[in-house]
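Residue strings, one per chain:
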Amino acid sequence: MTTLRISGVAASYDGRPVLHGLDLVVPSGTTSAILGASGCGKTTLLRVVAGFQPADEGIVQLGDRTVAGPGVWVAPEKRGIGYVAQEGNLFPHLSVGANVSYGLPRHARRAGERVGELLELVGLSPDLAARRPDQLSGGQQQRVALARALARRPTVVLLDEPFSSLDAGLRSSTREAVAQALAHEDVTVVLVTHDQAEALSFADQVAIMHDGRFSQVGAPSEVYSTPADRHAAAFLGDAVFLRGTADVGEGPDGADGAVVNTALGRLVVHQPAPAGTVDVLIRPEQILLRDMAPGIPCAEVLSTTYFGHDALVALRLQADHTVVTARVNGSDVPHTGSIVGLSVVGEARAFEHQG
Amino acid sequence: MTSRRGRSNPTPVTVVTASLVVAAVCVLPLLVVAVKAFDIGWGPAWDLLWRPRVGELLRNTASLVVLTVSLTTGLGIAAAWLVERTSLPGAKFWRVLMVCPLAVPAFVNSYAWVTVRPDLQGLGGAVLVTTLSYFPFVFLPVAAVLRGLDQSLEDSARSLGLGPWRSFFRAVLPQLRPAALGGMLLVSLHLLSEFGVLAMLRFPTFTTAILEQFQVAFSNSAGSLLAVVLIALCLGLLTAELLLRGTIRHARLGRGAARRALPARLGLWTAPALIGMGALTVLALGVPLGSLVYWFRAGSGGLTESAFDPAELVTTLWGTLRLALIAGVVTVVAAFPVAWLIARRRTWLSVLVERATYVASSLPGVVIALALVTLSVRYARPVYQTSVVLVAAYAILFIPRAMVSIRAAMAHAPEELTEAARALGDGPFRAFVRVLVPLTAPGALAGFAMVFIATSTELTATLLLAPTGTQTLATAFWSASESIDYAGAAPYAAALVLVSAPLTYLLLRRPDEEPAL
């Protein structure tokens, strides 16, 4: 059981600094997702942890052991890390079985020990051991890559966008199998991804990276409902921003606390919240459509986008003609042009107003 | 994420050092010739160069290059278009036949033509024989491009309002330019270094003159000066090709498989096309093979006197193969670090190293040999007149052939795989042995075979550098044909053709890659 500690890590890619003093602790046996757009530096961070690339500054510790730091650089093969890359990177000249046992000592490789067991662990049939990697589907290749990484019983496993090259159906089933195998092995996991749903569903902790810095680190529900900044808010899912004025007093449900007055009425906001004119974040699923009634905000339905299980509804508020988006149940989509009443559930998040 | 290539990985010092050593060895001959020519001084140099003889050599070399390059380009492009883009019957068969002439060394071809037409001499004969020997150099790359060409480009041109002919000229022809230029450069460089054909047909060029100088007088200021002129011509051609090729890449943009082009219907032109291809095959392949058969029968029928000794053929064959084996291994080992550096670290240093090896090997064998003689006589007397110098010359001359194959193989062994091995507990050396070596082995083997064949049939440098008493197939053939023992030369010629035959397979094996010759 090993805690991964990253302290003040800075690194460059191709001579250009891409990581600027990152701190992250991944507690032993938990899973952290590093979420960020392409080119934000998240893969570089993973490569520094794996030892493929030196850090310019900072310290990487696995448990009590410093593997990278001032004057210290432990070769990748001596770090005891499992690494699964985007394309799996199976050795094309070796069979599946030889790939899985690649990292084992020679006698264990000869005896073919653990191969079947490891393939089963990742939800594959042991019969696949004799196949060539190119005879496997993309999802199977990724599972073999994980089995290969787990063969040496690493204490930390690094996953570099392992599902992004798979198509949607395969992605969720592979993710499920990988999550189960990792849970079974009880390892510390770092997942790098640009897919917010993947990060939120897979990890115990989500670190949002933007331009080589972590803009927020926290539990999935925390970063989703109370993002640290507008960028994180927009990156984690659909977001509605409204202009509002901070106020103090009673909220719509009679609860005390910080409230803001907006075109959608008086909303309770997460504390602490800035004063004066603010930008208020609401998630589309927080906006509920209801019958018109006196005193509640109402809006005209501009358009609907139907997804099956749910639908997004674009609405123009009658109060100030702001356009907002609401997520509604797929069985209950309003007609375009109709006028509906609106209410907001849950806390909103207020940010300082940006002109 | 496309930006994940591990360019921030530290580059292994051993690879860089080895590459620099290889590059240094490759450019050494160039420096030696330059220094030697410089030693002569401007005055004497001017007197040696400003002679009618030099003017004649320059005129001969230039007219040979211009005529043969024009003819090979025309023939190569026409044949490639017929084979790859038309309804010509038996295209696969013709494709093989168009590459086969490369298995007949040019000097064997000239011997065959002298058999058919003993009066064949001078510029006309030289152009005829070199054209028939070298047109595959243009055919191969142009055919590869035509085959890989995406029909949708022509379709796009058509949809933008161009007619079929204009879309061919504006969408297809420009894409052939780099391949055709590459082929033309290859033909020109071969012409500049050609010795056997031109000596046999008595058409003096710089290369034959240098060899003559060397054989007349060992201490050869005049030879060195001629070599400098030859080097200047080579560098001029390399630069011209670089400038004409430009920096535009003609790679396909966008993803997805290229759509294969529909063949053009020849219709009534089928018969003339077949006759043309047949005639070319007869001239380029039929004549040499026919002449070989003729001399075999003449020799075995006792119609001519021959000093041919079968035991000597066996010894020579064995000696040649052993030499080629050593040269092949040395060259592949030398090429490996350079290929790694070029494939993995595209920096100014790796480009410099690559260019150094290419420039050196594009110099005529006679120049390399001359420089190595000078070097070994002055600084390494013990290796003078040994196979060490000869193998070094082969390695310098043929390293690009090995490098191109290994480089292509590196694409099958991306750095991520080495990293995967490292993460699985392998140190750098074990990862090299367990991942890089097995994955690049096919490429290294192909490169080895190319060098092996080139070495077995090399004539010029071998004539100059082979230790006294050592004969190769090429030199044994040469001495027999020089003493007009054509029947005695035939078995050696046949052996040379047999040794070269796998070249055809090697060049057609991966038809979409640019060949290295």
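A quick note: this is a predicted structure, and the numbers were derived from the prediction, not measured. (Residues numbered from 1 in each chain as written. Chains lettered and ligands numbered in written order. Predicted model: local features only at pLDDT ≥ 70, side-chain atom pairs only at ≥ 80, totals over all residues. Heavy atoms only, no water.)

1. Structural notes on the sheet that holds strand E10 (residues 205-210) of chain A
Residues and elements named next belong to chain A. For the record, the criterion: Here, any two strands with at least 2 DSSP bridges between them count as paired. Counting from the N terminus, the helices are the DSSP runs of H or I reaching at least four residues and the strands are the DSSP runs of E reaching at least two. All axes here are fitted lines through C-alpha atoms, helices being fitted over the stretch that makes contact, and every angle between N-to-C directions spans 0 to 180 degrees.
Taken in spatial order, the six strands make up an open sheet running E7-E8-E9-E3-E10-E11, and their pairing is mixed. Strands at the two margins of the open sheet, each flanked by one partner only, are strand E7 (81-84) and strand E11 (213-218). Geometrically, the sheet is characterised by an average inter-axis angle of 15° between neighbouring strands, direction not taken into account. Judged from the five bridges that link them, E10 and E11 form a sheet pairing that is antiparallel. Across the sheet, His210 pairs through a bridge with Arg213, a residue of E11.

2. Here we look at the UniProt feature "domain: ABC transporter" (unreviewed entry) in chain A
Selection rule: UniProt positions are given in the numbering used here, feature names are shortened, and annotations may be inferred rather than shown by experiment.
Feature annotation in UniProt places "domain: ABC transporter" (unreviewed entry) on residues 4-236 of chain A, given in this structure's numbering. Helix makes up 33% of residues 4-236 of chain A and strand 28%. Its end C-alpha atoms lie 24 Å apart.

3. Quick notes on helix H1 (residues 42-50) of chain A
Residue and element names in this part refer to chain A. Basically, it comes down to this: Relative accessibility decides the category of a residue: with a 1.4 Å probe and only protein chains considered, values under 20% of the type maximum give buried, values over 50% give exposed, and everything between is partly exposed.
Counting buried positions along H1 gives nine out of nine residues, so the element sits mostly inside the fold. The set of residues buried in H1 consists of Lys42, Thr43, Thr44, Leu45, Leu46, Arg47, Val48, Val49 and Ala50. At the C-terminal side of H1, Gly51 shows a positive phi close to 95°.

4. Considering the sheet that holds strand E4 (residues 57-62) of chain A
Residues and elements named next belong to chain A. For clarity, the cut-off: Only heavy atoms enter the contact rule, under which two residues are in contact if any of them lie within 4.5 Å.
Taken together, five strands build an open sheet; the order of strands is E2-E1-E4-E5-E6 and the sheet is antiparallel. For this open sheet the edge positions go to strand E2 (16-26) and strand E6 (72-73), each flanked by a neighbour on one side alone. Where E4 and strand E5 (residues 65-69) come together, three bridges link them in antiparallel fashion. When the sheet's bridge partners are listed, Gln61 is paired in E5 with Thr66. Each of strand E1 (4-13), E2 and E4 is contacted by H1, which is oriented at about 115° to E1, the strand it contacts most.

5. Concerning the domain arrangement of chain B
All names here are of chain B. To be explicit about the condition: Where each domain starts and ends comes from a domain assignment, either automatic or drawn from a database. Buried area is calculated as the accessible area (1.4 Å probe) missing from two parts once they are joined, with the contributions of both summed. Salt bridges are identified by distance alone: a Lys or Arg side-chain nitrogen within 4 Å of an Asp or Glu carboxyl oxygen. Polar contacts here mean pairs of N or O atoms no more than 3.5 Å apart (in protein, one a potential hydrogen donor and the other a potential acceptor; neighbouring residues in sequence count only if both atoms are side-chain atoms). Polarity classes work like this: nonpolar for Ala, Val, Leu, Ile, Met, Phe, Trp, Tyr, Cys and Pro, charged for Asp, Glu, Lys and Arg, and polar for all others, with Gly in that last group.
Under the domain assignment used here, chain B contains domain 1 (21-31 + 298-517) and domain 2 (51-248 + 271-289). Of note, the centres of domain 1 and domain 2, computed from C-alpha atoms alone, are 22 Å apart. Buried surface at the junction of domain 1 and domain 2, summed over both partners, amounts to about 3300 Å²; 82% is from carbon and sulfur atoms. Seen at the junction of domain 1 and domain 2, the total is zero salt bridges. In this structure, the connection of domain 1 to domain 2 is made through two residue pairs in polar contact (both at pLDDT 80 or more). Among the secondary structure elements, those contributing two or more residues to the side of domain 1 that touches domain 2 are helix H14 (348-362), helix H15 (365-379), helix H19 (460-465), helix H20 (473-482), helix H21 (486-500) and helix H22 (502-509). Of all the elements, H21 adds the most residues to the side of domain 1 that touches domain 2, at seven residues. Class assignment for the residues of the side of domain 1 that touches domain 2 results in 29 nonpolar, seven polar and three charged.

6. With respect to the state of the cysteines
Definition in use: Our working definition of a disulfide is a cysteine sulfur pair at a distance within 2.5 Å.
Counted according to the given criterion, the structure contains zero disulfides over all chains. Between Cys26 of chain B, a free cysteine, and Cys234 of chain B, which holds the nearest cysteine sulfur, the sulfur-to-sulfur gap is 15 Å.

7. Considering the UniProt feature "domain: ABC transmembrane type-1" (unreviewed entry) in chain B
The positions that UniProt labels "domain: ABC transmembrane type-1" (unreviewed entry) are, in the present scheme, residues 58-239 and 317-509 of chain B. Across residues 317-509 of chain B, the secondary structure splits into 82% helix and 0% strand, with the terminal C-alpha atoms separated by 26 Å.

8. Description of the interface of chain B and chain A
Each side of the interface is counted separately: chain B has 27 residues, and chain A has 31 residues. In total, chain B and chain A occlude about 2500 Å² of area from one another, counting both sides; carbon and sulfur atoms represent 53% of this. Scanning the region where chain B abuts chain A turns up two salt bridges. Between Arg422 of chain B and Glu77 of chain A there is a salt bridge; the shortest N-O distance is 2.6 Å. At the boundary of chain B and chain A, one finds seven residue pairs in polar contact (both at pLDDT 80 or more).

9. Some points on the pairing of strand E17 (residues 298-306) of chain A
All names here are of chain A. Here E17 runs beside strand E20 (residues 339-344); their pairing, made up of three bridges, is antiparallel. Bridge pairing links Cys298 to Gly341 in E20. Relative to strand E18 (residues 310-317), E17 is paired through seven bridges, and the arrangement is antiparallel. Bridging across to E18, Glu300 finds its partner in Arg316. Counting the residues that bridge the hairpin from E17 to E18 gives three residues, and of these Gly308 lies at a positive phi of roughly 100°.

10. Points about the packing of helix H5 (residues 106-116) of chain B against H21 of chain B
Residue and element names in this part refer to chain B. Short version of the rule: Here the angle decides the label: under 35 degrees means roughly parallel, over 145 means roughly antiparallel, 65 to 115 means roughly perpendicular, and every other value means oblique. For any helix crossing, the convention is left-handed if the near helix is rotated counterclockwise from the far helix by under a right angle, and right-handed if that rotation is clockwise.
Between H5 and H21, whose axes approach to 10 Å, the crossing angle comes to 140°. By the angle between their directions, the pair H5 and H21 is classed as oblique. For the pair H5 and H21, the sense of crossing is left-handed. Each of Phe107, Val108, Tyr111, Val114 and Thr115 in H5 lies in contact with H21, whose residues at this interface are Tyr486, Ala489, Ala490, Ala493, Leu496 and Val497. Among the residues forming the contact of H5 with H21, the class breakdown is ten nonpolar, one polar and no charged.

11. Considerations on the nonpolar core
Quick note on the threshold: Buried Ala, Val, Leu, Ile, Met, Phe, Trp, Tyr and Cys residues form a nonpolar core when they are joined through side-chain atoms within 4.5 Å.
The biggest cluster of nonpolar side chains holds 169 residues, and the ones touching the most others in it are Phe91 of chain A together with Val108, Tyr111, Leu465 and Phe477 of chain B. When sequence neighbours within four positions are dropped, the list of residues in contact with Val108 of chain B reads Phe477, Ala493, Leu496 and Val497 of chain B.

12. Structural notes on the packing of aromatic side chains
Defined as follows: Whether two aromatic rings pair depends on their centres lying within 6.5 Å, for rings of Phe, Tyr and Trp, where Trp uses its six-membered ring; planes under 30 degrees apart make the pair stacked, over 60 edge-to-face, and the rest tilted. Criterion for a charge above a ring: Lys NZ or Arg CZ within 6 Å of the ring centre, and within 35 degrees of the ring normal.
As enumerated under the stated definition, the model contains 18 aromatic pairs over all chains in all. Summarising the aromatic geometry, the rings of Tyr111 of chain B and Tyr486 of chain B are spaced 5.4 Å apart at their centres and angled 70° between planes, so their arrangement reads as edge-to-face. Here Tyr111 of chain B is found in helix H5, whereas its partner Tyr486 of chain B is found in helix H21, with 375 residues between them in sequence. Taking relative accessible area as the criterion, Tyr111 of chain B reaches 1% and is therefore assigned buried. Its relative accessible area of 12% is what places Tyr486 of chain B among the buried residues. Here the aromatic residues Phe107, Tyr111, Tyr294, Trp295, Phe477 and Tyr486 of chain B are joined through ring pairs into a cluster of three or more. Over the ring of Phe241 of chain A we find Arg230 of chain A; its NZ or CZ atom is 4.5 Å from the centre of that ring. Note that Arg434 of chain B overlies the ring of Tyr102 of chain A, its terminal NZ or CZ placed 3.6 Å from the centroid.

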